[in-house]
Amino acid sequence: MRIKKKHQAGAAKNFITRTQAVKKLQLSLADFRRICIFKGIYPRAPRSAKKANKGSTAPTTFYYTKDIQYLLHEPVIQKFREHKIFARKLSRALGRGDVSDAKRLDENRPRYRLDKVVKERYPTLLDAIRDLDDALSMLFLFAAMPASDKVTARVTEDAEKLCSQWMAYVARERLLRKVFVSIKGVYYEAEIKGQEVVWLVPFKFPQNVPTDVDFRIMSTFLEFYTTLIQFVLYRLYTDAGIVYPPKIDSARAHGVGGISAYVIESKREKESLIDTSNAEKAAITESEMVSRAQTISTVLNKANNPAAEDKAEPVAVDGDDVDEEVTETLDKFTALPSTDKVISDIIPQPEDISPEDAIKSLLSPFTFYIGREVPLDIVELAIIAQGGAVISESVLDGYLHVDTDAVPEAEEVDFDARQREVDALLKKVTHQVCDRPALASKVPGRIYVQPQWIFDSLNRGRLMPVDEYAIGATLPPHLSPWGDGAGYDPEEVEKADEVEESEEEEEEEEEVEDEEDEVEETAEVEVEEEDEGEEDDALQHQRELEAEARGIMYSSTTSKKRKRGNEKPKKSVEQKQAEEEKELRKIMMTNKQKKLYNQMQYGIQKKETRKEALKTKRRKLEKNKQHKKRVL
Amino acid sequence: MAKRKLARAKKSAEKSQASEQSNGCRKSDRLTQTIGAFPQHIDDANHEDDDEDGYIDEEAEEVQEGDSDDQSDLEAYDDEESAGDEFDGLLDGAISDSEDEDEASDEMSEYDEGSDAGDAVPNFGEDDESQEQEDLAEVIRNSLSDDDDEDEYLSKYSATSEAESQSSLSSDLDDSRIAYYTTGADGKARPIYHDIDPHYSSDDSDIEDTNTIGNVPLSAYDEYPHIGYDINGKRIMRPAAGTALDSLLDSIEVPEGWTGLIDKESGADLNLTKEELELVKKIQLGENAGDVNPYENTIEWFSSKTEVMPLSAAPEPKRRFVPSKHEAKRIMKIVKAIRDGRIVPNKPKIRPEDELPIYDLWADDLQEQQPHVMHIPAPKMAKPTNDESYNPPEEYLPSEEEVRTWNRTDPADREKNYLPQKFSSLRTVPRYEDFVRERFERSLDLYLAPRVRKNKLSIDPDSLLPKLPSPQDLRPFPIKCSVTYRGHKGRVRAVSVDPSGLWLATGGDDATVRIWEVLTGREIWKASVGDDNEAVQSVEWSPARDSGILAASAGEKIFLCLPPIFDDETEVKGQELLAAGWGYAAQHGPAEQVNKEQPCKWTKPSTNLTSQGVDVVIMCRQTVKQIAWHRRGDYFTSVSPEGANMAVLVHQVSKHNTQSPFRKSKGIVQRAQFHPFKPILYVATQRYVRIYDLSTQSLTKALQPGARWLSSFDIHPRGDNVITGSYDKRVTWHDLDLSTKPYRTLRYHSRAVRDVRFHSRLSLFCSASDDGYINVFHGTVYDDLLRNPLLVPLKVLKGHTVVQSLGVLKVEWHPKEAWLFSAGADGTAKLWTS
């Protein structure tokens, strides 16, 4: 038998160090990093680093050898090499001052595309959707970045465009499930083709850009994510029967921007638009103001919204569309398979509305008027994704007070007409979203809420009571729809407290009733009782006698009391016994099991202590509050 | 000259005033400003005026040159001024634009500055001399006008310089160097000079009349009439110094080439010739100082004429008239590329993103496949929790202490990278400072962090607990302490129950053996056996029911007692048994054995002891730690750990005989015990439990409990299972049929295990430890050989207090009931009942 050589098989073959990988691919480290990001290749931690590193224990990064092997024939790497040559040629041309040559070279610079890479990494659409979280968060960040030498304006512009397209899709298809406003930004969760996609959007402020952040890495990621999202969006739009890329209504883009500027049209609509383009055009120009004011609600939402429908009229809704709406609004009827045996004399029953559907049309009967102090981007998406219509104060202002300098004088703006239009529009408003400590004048018939009402309603799947969210009111806590990581539920504590309180109250009431009875029946005895308050036994006996007189069984009264008195210690004895038994059983565990068990117990204990600490803190806070109330 | 200049200055001043009135332009303002700024240099101001429109000045001067007399010159000057006026007018027009005004004035002032700086530089042109003389006059004037008024000067010099200017101008005209005049590029007359004739006399190198004093300063000759010597050694006389009048005259009538300087070498006035002045001027301007003709005649080095005879007779190469193959090749390449569409001429510029079409990447609709085994997907970001909310419940908000600790910890060590905050409304929420950094760190994690698949156990921790029958189903077993036997002073080291189960014997550090009634806890009998207060290490009742013998060891002695608690019959029988052996060894023992040194000595006790009920005292060599009876009650073993090969002794009561079964030392012996029913002796040393067959006198087995130091062991009543306890907190169960290694090793005591015991009838065993606890177990041994023994922990008995880190020292089961006796270091013995 041949002697087996060391480090010729197993981990030593399966893993390759980074230096080796770079050498093998003949790339620079920067290019290697880029290709790793594009291809999603990541270092591994082998089970035994020593074995993988052929006996050396020096700290090293390992890659899976086959990952690197596959890279050898990667077309993108070939492009990297071409780019290297190109850069050399260009620098030479520039050095020689050969401008035309340099220009020609630059025009024909080697370009690569990552579509094949996307397809390789995500063979199916679901795979891609599953991995959208990071991509979306990154894009939304870049959309909010100030343009600088590191991040060009075009990059931010492109990112913003894609983000808006994404939001427009989510809003139109009503896929938004959760919104959580955190101190970091706003988290959204959408359910797309059955997959949960969570992304984080920063607040609309210029971002703080730390100096030690390497934007080359970030932009490499962005490059890949942009490609990924473009293709995903194309597919999603196509599946939803919408044209991609959606058109941008420049007028509206000028007003607010964001999703409201997107004219999303179904493919069929588009065809019809071509046929009757002239008529439509006229209608659109007429309705420019309306659409601007209503933002996307009219264009995006075609279902379940009679209020929006009315307003949508000038935006030229086809007859077919109206039909669609009707069918969508009605309950769905499941058609039974009409076989010979079964005569369909059973009346088809409307399906129950699932909670998801409830979310989809939670705000559908309402029109929201959004104050200019409210961040429109957050609120708009949340409202439209729940079927509501949006009218923004800032847009209306822009419409009513057009800066006359910008408009050529030839076009006389009929402000009165506009005012009339706006007034008509404002009549439909049911809710006003307001984020001010107080409001000078309120319009009767409107419900005034703070923005959190919309988020909480969406997260709970039902409309929250409005009074808690009134203007100037102290808001109830905004809880994460994903709950507390360690199993503490503030609401549960609240409920438990309420139950306790109510129980106590009930008990008190009972006692009061009892006493009343007693007073009625034997007032004299009562007096005596008071006198002999110290002698418990005598009192007890007396009560028993009274009870007997009233016809109450002796056992029932005593057992009740005993139960009350003994319940706690009895339980604790049992618990003690159980605990003791557990301790004893632990003796028979093996060492390994014992260690594992103790580790688990440590984690559980930690969670429990945190939970307890939070509970006690809450009780303390509540006590303080009550105390304060009493003092006041 | 100076006079002329002054006149000019005056005139220009007037003119400028006039122009000021006429157009009121900025320029005149500026002029007055500059005049104001340099009141002592009115001339300078005039110069400025001239310099501002420099070309006008030049122009004027050229005109001046062309003129023949002074009058015309003056007229020309007037012309010049008028030209200047014109210019002024133009300038005004230019400046009148309000926006340009500042710029223009800026430029002007810049130019002014330049001209100010270059004021010392004489104006170039052909009329050098006059200019130069003007300058010189200026110098002189400056030197004279220390404290005189300028107005005076003005009046003074205007008179004198008038006449002088004429002569100087005429001298200008008879300049012989000028050959003729031509028309220049500007249409003006341009003087053409004679060619320089390099004849012999031009060289004056041999004329040497210079002073030859060398480095000697001229001041050395101040007292002499001469100032040095010429080359021939003759004195050079000091030139006559003129009177003050002379010098005044000199200053007025400046001779030609006068500089006002004194030649150091000759002591005379330093006069410079015109050529020399020109040279100085040229050097100052940085021009070519030598005699270089800038307008040389062209020499046709490469003539345009074709020679009749070519230089080379070689025939013209073919490549000159055949089209280039290489070029054709290159062109064809391009043509081909165009045809192939690789080169698109006049391709419109498109953004790279736009030209790439977006299509349905997943059109093939593949079925979802299992990802590769080695693929480890990146973990998703953790979902935000309640405490990240902008408006969290108040209990999440950190206390001041928590905030402080958070700030103190290193950012890398923080559990969460943010502190919960509460904002009253959405509009007050600021930006999150670390947003970019967090995303960046996430990116780094995605491509840089080594990934490893970790299986997370999602099991109920209770499922790890072994499934055992409930202790409730395995009753009876001792649960509580029912009797405590108090009386011993100091630790109770030994405890034993008599075979009837009525009497409990204990021994302790107070050197007494006491007997108690089990049920009442009453002390019935007491004997202080130990000499010198040696602790009673061991107390054991003989298993023979009818004898009532109690063996106790203290120090090196073993006492066999007959406590007076039984009926007479039993007592008599016991006395007979003990008395029978007296002198047996001497009578029956083989001679050699008698001769041989006996391991022990059986003696009669002292009267004191006899009165206490002790009948026999066996004297050993070392401290006896443990006694164990054979089941019949005739033999017993004693263990004295330091006894080397005599550590284990077997004593026979009936014959008063002692044997040492081992010839060699087996190490420090801890315990020794007889098999419950077979002639087998178990001996526990520090590490091993050795099993000796007494009938064959051989070692059958050596158990390895794996402990460092065994403290005790016990044999199951059926003989094939052994439990050991060790000082390193372990209790092991050995199944003798299985292996020499333990079947189970249990670690549950927190301190050393002191004693382990099997119940003789029930399947119970227990262990006592220095932590003060006694653990009671159920241990079923099945008849079926394939089934392993079942061990069930039943109860932890807590009652003994730990004194000086010693807890329970000895335990003993009741012979019939599930009762347990324990002796503790706290000076009590306890009975634990079910």
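The structure displayed is predicted, hence computed values, not measured ones.

## Some details on the overall build of chain A
- Along its length, chain A carries 29 helices and eleven strands.
- Put simply, of all contacts in chain A between residues at least 6 apart along the chain, 63% involve residues at least 24 apart.
- For chain A, the exposed area adds up to about 36,500 Å²; of that, 51% sits on carbon and sulfur atoms.

## A word on the environment of Lys798 of chain B
All names here are of chain B.
- Tracing the backbone through its elements, the reader meets Lys798 in strand β32 (residues 790-798).
- With 23 residues separating them in the primary sequence, Lys798 and Asn775 have C-alpha atoms 8.8 Å apart.
- Apart from the residues within four sequence positions on either side, Lys798 is in contact with Tyr773 and Trp832.

## Overview of the interface of chain A and chain B
- Contacts between chain A and chain B engage 109 residues on the former and 95 residues on the latter.
- Summed over both partners, the interface of chain A with chain B comes to about 9,100 Å²; 60% of that surface belongs to carbon and sulfur atoms.
- It is Ile183, Lys184 and Met588 of chain A that lose the most area in chain A upon contact with chain B, and together they represent 10% of the buried surface on that side.
- Between chain A and chain B we count 15 salt bridges in total.
- Note that Arg437 of chain B and Asp212 of chain A form a salt bridge whose closest N and O atoms lie 3.1 Å from each other.
- Taken together, chain A and chain B are joined by 44 residue pairs in polar contact (both at pLDDT 80 or more).
- Examining the composition of the side of chain A that touches chain B, we find that 13 residues originate from one element, helix α29 (residues 591-631) of chain A, more than from any other.

## Re the sheet that holds strand β20 (residues 657-659) of chain B
Residue and element names in this part refer to chain B.
- The four strands lie next to each other as β17-β18-β19-β20, forming an open sheet whose pairing is antiparallel. At either end of the open sheet lies a strand with only one pairing partner, and these are β17 (626-629) and β20. Direction aside, the axes of adjacent strands within the sheet are offset by 25 degrees on average.
- Both β17 and strand β18 (residues 635-639) contribute to a ladder of four bridges, which runs antiparallel.

## Considerations on the side chain of Gln452 of chain A
- With respect to the helices, strands and loops of the structure, Gln452 of chain A is situated in helix α24 (residues 452-460).
- Apart from residues no more than four positions distant in its own chain, Gln452 of chain A is found in contact with Tyr469, Leu475, Pro476, Pro477 and His478 of chain A together with Tyr390 and Asn391 of chain B.

## Thoughts on the environment of Ser361 of chain A
- Within the secondary structure, Ser361 of chain A is located in the loop between α20 (355-360) and β8 (367-370).
- Distance from Ser361 of chain A to Ile383 of chain A, taken between C-alpha atoms, is 9.8 Å for residues 22 residues apart in sequence.

## Some words on the nonpolar core
- Trp166, Trp199 and Ile454 of chain A are the most contacted members of the largest nonpolar core, which totals 117 residues.
- Contacts of Ile454 of chain A, omitting those with residues within four sequence positions, involve Leu363, Phe368, Val379, Ala382, Ile383, Gln386 and Val433 of chain A.
- One finds Ala494, Ala505, Ala552 and Leu609 of chain B within the second-largest nonpolar core, a separate group that totals 20 residues.

## Here we look at helix α11 (residues 325-340) of chain B
Residues and elements named next belong to chain B.
- Taking 1.5 Å of rise per residue, the 16 residues of α11 would be expected to cover 22 Å, and the 22 Å separating its terminal C-alpha atoms lies within 8% of that figure.
- A small share of α11 lies buried, amounting to one of its 16 residues.
- Backbone geometry just downstream of α11 places Gly341 in the positive-phi region, at approximately 90 degrees.

## Quick word on the sheet that holds β32 of chain B
Residues and elements named next belong to chain B.
- What the four strands build is an open sheet, ordered β29-β30-β31-β32; its pairing is antiparallel. Every other strand in the sheet has two partners, leaving β29 (753-758) and β32 as the edge strands with one partner each. Here the average twist between neighbouring strands, direction ignored, is 20 degrees.
- Direction of pairing for β29 relative to strand β30 (residues 764-769): antiparallel, over a ladder of five bridges. Paired with Arg757 across the two strands is Cys766, which belongs to β30.

## Description of the pattern of salt bridges
- Per the stated rule, a full pass over the model turns up 52 salt bridges over all chains.
- We note a salt bridge from Asp484 of chain A to Arg610 of chain A, for which the minimum N-O separation is 3.0 Å. Of this pair, Asp484 of chain A sits in the loop between α24 and α25 (490-521) while Arg610 of chain A sits in helix α29, placing them 126 residues apart in sequence.
- A salt bridge links Asp728 of chain B to Arg730 of chain B; its shortest N-O distance comes to 4.0 Å.
- Of the residues examined, Asp728 of chain B reaches a relative accessible area of 17% and is grouped as buried.
- In this structure, a network of salt bridges that share partners links the residues Lys193, Arg235 and Asp239 of chain A together with Asp360 and Asp365 of chain B.

## Comments concerning the confidence of the model for chain A
All names here are of chain A.
- Taken residue by residue, chain A gives an average pLDDT of 77. The fraction at 70 or more is 71%.
- In this model residues 268-344 is a low-confidence stretch, pLDDT under 50, and it forms 103 contacts with partners more than four residues away in sequence or in other chains.
- Considering only residues more than four positions removed or in separate chains, one finds that residues 515-533, a stretch of pLDDT under 50, has 16 contacts.

## Describing unusual backbone geometry
- Looking along the chain, the bond that leaves Tyr244 of chain A and enters Pro245 of chain A is cis, with omega of -5 degrees.
- Following the sequence through the fold, Pro245 of chain A ends up in the loop between α12 (215-239) and β6 (247-248).
- Between Arg475 of chain B and the following residue, Pro476 of chain B, the backbone shows a cis peptide bond with an omega angle of 5 degrees.
- Looking at the secondary structure, you find Pro476 of chain B in the loop between α14 (435-448) and β7 (480-486).
- Notably, Gln804 of chain B is not glycine yet its phi reads approximately 50 degrees, a positive angle.
- Among the secondary structure elements, Gln804 of chain B is positioned in the loop between β32 and β33 (808-813).
- A relative accessible area of 60% means that Gln804 of chain B is categorised as exposed.

## Concerning the pairing of strand β8 (residues 492-497) of chain B
Residue and element names in this part refer to chain B.
- Most of β8 sits inside the fold, with five of its six residues counted as buried.
- Summarising the sheet, β8 and strand β9 (residues 503-508) pair through five bridges and their orientation is antiparallel. Within the sheet, the bridge partner assigned to Val495 lies in β9 and is Thr506.
- The antiparallel pairing of β8 with β9 creates a hairpin that spans five residues between the two strands, and Gly501 there sits at a positive phi of about 85 degrees.

Reading guide: rules and limits
- Residues numbered from 1 in each chain as written.
- Chains lettered and ligands numbered in written order.
- Predicted model: local features only at pLDDT ≥ 70, side-chain atom pairs only at ≥ 80, totals over all residues.
- Heavy atoms only, no water.
- Helix = DSSP H or I, 4+ residues; strand = E, 2+ residues; numbered from the N terminus.
- Contact = heavy atoms within 4.5 Å.
- Areas by Shrake-Rupley, 256 points an atom, 1.4 Å probe, with all protein chains shown as cover.
- Buried area = accessible area lost by both parts, 1.4 Å probe.
- Salt bridge = Lys/Arg side-chain N within 4 Å of Asp/Glu carboxyl O.
- Polar contact = N/O pair within 3.5 Å; in protein donor to acceptor, adjacent residues only side chain to side chain.
- Pairing = 2+ DSSP bridges.
- Axes fitted to C-alpha atoms, helices over the stretch in contact; angles between N-to-C directions.
- Core = buried A, V, L, I, M, F, W, Y, C linked by side-chain atoms within 4.5 Å.
- Buried < 20%, exposed > 50% of the residue type's maximum accessible area, 1.4 Å probe, protein only.
- Expected span 1.5 Å × (residues − 1).
- pLDDT = per-residue confidence, 0-100.

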